[in-house]
Amino acid sequence: MKIKNIFSIIFILLTIIGINFGCGKKEKEPSNIINLKLGHSLDINHPVHKAMEFWSDTLKKVTNGRIIIKIYPAGQLGTEKDLIEQLQMGIIDLAKVSSANLEAFVPKMRVLGMPYLFKNRDHKWKILNSDIGKELLNAGLEKNLVGIGFYEAGERSFYTIKRPINTPKDLKNMKIRVIKSPMAIELLECFGASPTPISWAELYTALQQGLVDGAENNPPSFVSARHYEICKYYSLDEHTSPMDVVLASKSKWDNLKEEDKRIIKETFLVSVGFQKKLWNEEEKRNFAKLDSAGVKIIIPDKEPFIKTSSLMYEKYANDEVIGELIKKIKEFQEK
């Protein structure tokens, strides 16, 4: 009995020591690991979500698991407006939002809502990779928003239920869903449409019930949201090219070491290259999908759209916030 008691005591002591050592290791881990929470509103099959997964995986590998981004897709953490406000309050660390939804918080982002602002995508990325792009990303610092970078979001075009859009006149009095963006609303008014702000999550039902006659977006969003099941006309007027913007909460960002900030930004840039390739491939699949689903693709003459929307350039030429940016972009075009 005595021997059994001795063994029992030794076993208990070893168990206690093991537990203490285990607890000690667990207590050290949080101080070394950086967990970042990222929210966005897109479907998990969207190329932008896949790019953010790639970013997260790359960052984890480069840091040997020390910096981890946990992604919450499909509006799990709220609308894009909610996400921006959560960033400002330091509730979440990172978010991906459309530059259109960012306009209300960072007025300079309105420039990306100007119609036919860029010649093509190459031209657009040259500008975004220049000091102009840096100025836009830094414009939210006073609002507790740090711009990490841009993702490709293609060009927005009209898709409708009952009739195609060949000219701006075809939009007259049509109820078209838009992002709740002053620039998007103003552009639709230029075209003679009735802009109707509806949240992305509610749009499928709104189209189904005929609350709107159509909407406008890029091919991956049109397809991933299955709006092609209702809208059988897609008119590629490509009126605007807003960007997807990745932001960090300034209060959280300022607490990171400079080396960690550098690694986060560098791995993000790697994911941008991946995302551009993915986007181009996805668009090809999208058009094949739309064709098989019986969607009629219209390629209208853009000149009437450009001419009609030029009124916005006249209005904003001397605007204190974006007038100078428009001028810089035009000067960049001429180089």
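Scroll up for the structure.
Here's what I pulled together on the structure shown here. Since we're looking at a predicted model, the values are computed, not measured.

### Points about the sheet that holds strand S3 (residues 94-98)
Argument step 1. Across the sheet, which stays open at both edges, the five strands sit in the order S2-S1-S3-S10-S4 with mixed pairing between neighbours. Taken across any chain shown, the strands that pair with only one partner, and hence form the sheet edges, are strand S2 (67-72) and strand S4 (145-151). Neighbour to neighbour, the strand axes of the sheet diverge by 25 degrees on average, direction disregarded.
Argument step 2. Where strand S1 (residues 34-39) lies against S3, two bridges are found, and the strand directions are parallel. Across the sheet, the residue bridging to Leu38 is Leu94, located in S3.
Argument step 3. In the packing of helix H6 (residues 131-138) onto the sheet, the strands contacted are S4 and strand S10 (244-249), and the crossing angle to S4 comes to about 135 degrees.

### Considerations on the sheet that holds strand S5 (residues 156-160)
Argument step 1. In spatial order, the strands read S7-S6-S8-S5-S9-S11; together these six strands make up an open sheet with mixed pairing. A single partner strand is all that each edge strand has here, and the edge strands are strand S7 (194-197) and strand S11 (296-298). On average, each strand axis in the sheet is tilted by 30 degrees relative to the strand beside it, whichever way the strands run.
Argument step 2. Of the strand pairs in this sheet, strand S9 (residues 233-240) and S11 are connected by three bridges, and their pairing is parallel. Along S11, the bridge assignment pairs Tyr234 with Ile297.

### Overview of helix H5 (residues 121-128)
Argument step 1. All of the buried residues in H5 are His123, Lys124, Trp125, Ile127 and Leu128.
Argument step 2. You can read the cap of H5 off the contacts: a side-chain oxygen lies 3.2 Å from the backbone nitrogen of Asp122, and it is on Asn120.

### Description of the pairing of S10
Argument step 1. When you tally the buried positions in S10, you get six out of six residues, the bulk of the element.
Argument step 2. Neither face of S10 is open: one carries Asp244, Val246 and Ala248, the other Val245, Leu247 and Ser249, and all of them are buried.
Argument step 3. The pairing of S3 with S10 spans five bridges and is classified as antiparallel. The partner of Ser98 across the bridge, within S10, is Asp244.
Argument step 4. In this sheet, S10 lies alongside S4 in antiparallel orientation, the contact comprising six bridges. Along S10, the bridge assignment pairs Phe150 with Val245.

### As for the side chain of Asp260
Argument step 1. Its location among the elements puts Asp260 in helix H11 (residues 258-292).
Argument step 2. For Asp260, a relative accessible area of 4% gives the class buried.
Argument step 3. Residue contacts for Asp260: discarding those within four places in its chain leaves Ile34, Arg66 and Ile67.

About the cut-offs
Residues numbered from 1 in each chain as written. Predicted model: local features only at pLDDT ≥ 70, side-chain atom pairs only at ≥ 80, totals over all residues. Heavy atoms only, no water. Pairing = 2+ DSSP bridges. Helix = DSSP H or I, 4+ residues; strand = E, 2+ residues; numbered from the N terminus. Axes fitted to C-alpha atoms, helices over the stretch in contact; angles between N-to-C directions. Contact = heavy atoms within 4.5 Å. Buried < 20%, exposed > 50% of the residue type's maximum accessible area, 1.4 Å probe, protein only. Polar contact = N/O pair within 3.5 Å; in protein donor to acceptor, adjacent residues only side chain to side chain.

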